[in-house]
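Chains, contacts and geometry: an overview
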Amino acid sequence: MSPTIKFVIGGVVVVAVIVVLIAVSFSGSTSDYLTVAEVKAMGPDQTRDSRVAGAIVPDTVEWETRDLHLTFQIEDGTGTLPISFHGPQPDMLVDAVEAVVVGKYDPAADVFEAEELLMKCPSKYEEKE
C-alpha cells in the first residue's frame, strides 16, 4: 500500500473519530426546556434531564445546612413545581428571583429532583423607571 493511501485512510479515521466525539458530547449536554405543566404531564416517561425555569415562590425556601439540602417551589404561567436540590446553596437565592433547574421530575413524590441549579441575575441592571 502506498504512503498516500495510508495518509488518506488515517485522515479519514481521525476525522470520523472527531465527528463521533463531538456528536456524543452535544447529545449528552443538551436538555429539553419545558414549562411546569409540560414537566408534570410527562410524568414517569422522562428519559432525559429537563430544564425548567420559574420564579421562586415567596416563603417556600427551606435550607438544611447539615445535609446541604435545599427545597423550594418555582412557578411560571402554567403552574407551581416543588424543587429538591442537594448541594451548596446559591448566593442569590431570594424570593421572586428567577431560577433554572436541570433534572428529572418524580411524579410519585411530586417533586423535581434538580441536579443543577442556576439563579438568573436580578433586575438590578435594568433601566430605572
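The structure contained in this document is the topic of the report that follows. (Residues numbered from 1 in each chain as written. Predicted model: local features only at pLDDT ≥ 70, side-chain atom pairs only at ≥ 80, totals over all residues. Heavy atoms only, no water.)

**Observations regarding the nonpolar core**
The nonpolar side chains of a soluble globular protein tend to be buried, and buried together. We apply this condition: Side-chain atoms within 4.5 Å are what join buried Ala, Val, Leu, Ile, Met, Phe, Trp, Tyr and Cys residues into a set we call a nonpolar core. Throughout this description, buried means an accessible area under 20% of the type-specific maximum (1.4 Å probe, protein chains only), exposed means over 50%, and partly exposed covers the range between. Think of it this way: any DSSP run of H or I at least four residues long counts as a helix, any run of E at least two long counts as a strand, and we number them from the N terminus. Pairs of residues are marked as contacts when any of their non-hydrogen atoms sit within 4.5 Å.
Counting 19 residues, the largest nonpolar core has Phe72, Ile74, Leu81, Val101 and Phe112 as its most contacted members. Counting only elements with at least two residues in this core, the list comes to helix 2 (36–42), strand 2 (50–56), strand 4 (69–76), strand 5 (79–86), strand 6 (98–106) and strand 7 (111–119). Apart from residues lying up to four places away in sequence, Ile74 is in contact with Val52, Ala53, Gly54, Ala55, Ile56, Val57, Gly79, Thr80, Leu81, Ile83, Ala99 and Val101.

**Describing the pairing of strand 6**
Note the following rule: Pairing between strands is defined by DSSP: at least two bridges between them are needed.
Judged from the six bridges that link them, strand 2 and strand 6 form a sheet pairing that is antiparallel. Within the sheet, the bridge partner assigned to Ala53 lies in strand 6 and is Val100. Relative to strand 7, strand 6 runs antiparallel, the two sharing eight bridges. Of the residues in strand 7, the one forming a bridge with Asp106 is Val111. Following strand 6, the chain reverses through four residues before pairing antiparallel with strand 7; Asp110 in that reversal takes a positive phi of roughly 50°.

**Things to note about the environment of Thr65**
Filter applied, for reference: Nitrogen and oxygen atoms within 3.5 Å of one another constitute a polar contact, given that in protein one can donate a hydrogen and the other can accept it, and given that sequence-neighbouring residues count only through two side-chain atoms.
Structurally, the position occupied by Thr65 is in the loop between strand 3 (62–64) and strand 4. Polar side-chain contacts of Thr65 include one of 3.2 Å to the side chain of Trp63.

**Brief notes about a nonpolar patch on the surface**
Which entries qualify depends on this criterion: Each patch groups residues whose relative accessible area exceeds 30% and which form no salt bridge, using 9 Å between like charges and 5 Å between nonpolar side chains of Val, Leu, Ile, Met, Phe, Trp and Tyr. Areas reported as accessible are Shrake-Rupley estimates using a 1.4 Å probe. Residue values count occlusion only from the protein chains shown. The working definition used for a salt bridge is a side-chain nitrogen of Lys or Arg within 4 Å of a carboxyl oxygen of Asp or Glu.
A contiguous nonpolar patch, built from Met1, Ile5, Ile9, Val13, Val17 and Leu21 and spanning about 600 Å² of accessible area, is present on the exposed surface. Mapped onto the secondary structure, Met1 falls in the segment before helix 1 (3–29). Given a relative accessible area of 71%, Met1 falls into the exposed group.

**Observations concerning the environment of Leu117**
Following the sequence through the fold, Leu117 ends up in strand 7. For the pair Leu117 and Arg51, spaced 66 residues apart in the sequence, the C-alpha separation amounts to 9.8 Å.

**Quick look at the side chain of His69**
Of note, His69 is situated in strand 4. Among the polar contacts made by the side chain of His69, one reaches the side chain of Ser84 at a distance of 2.7 Å. The residues touching His69, leaving out its near neighbours within four places in the chain, are Glu62, Trp63, Glu64, Ser84, Phe85 and His86.

**Points about unusual backbone geometry**
The backbone of Asp59 shows a phi angle near 65°, a positive value even though the residue is not glycine. Phi at Asp110 is positive, roughly 50°, even though this residue is not glycine. The exposure class of Asp110 is partly exposed, given its relative accessible area of 34%.

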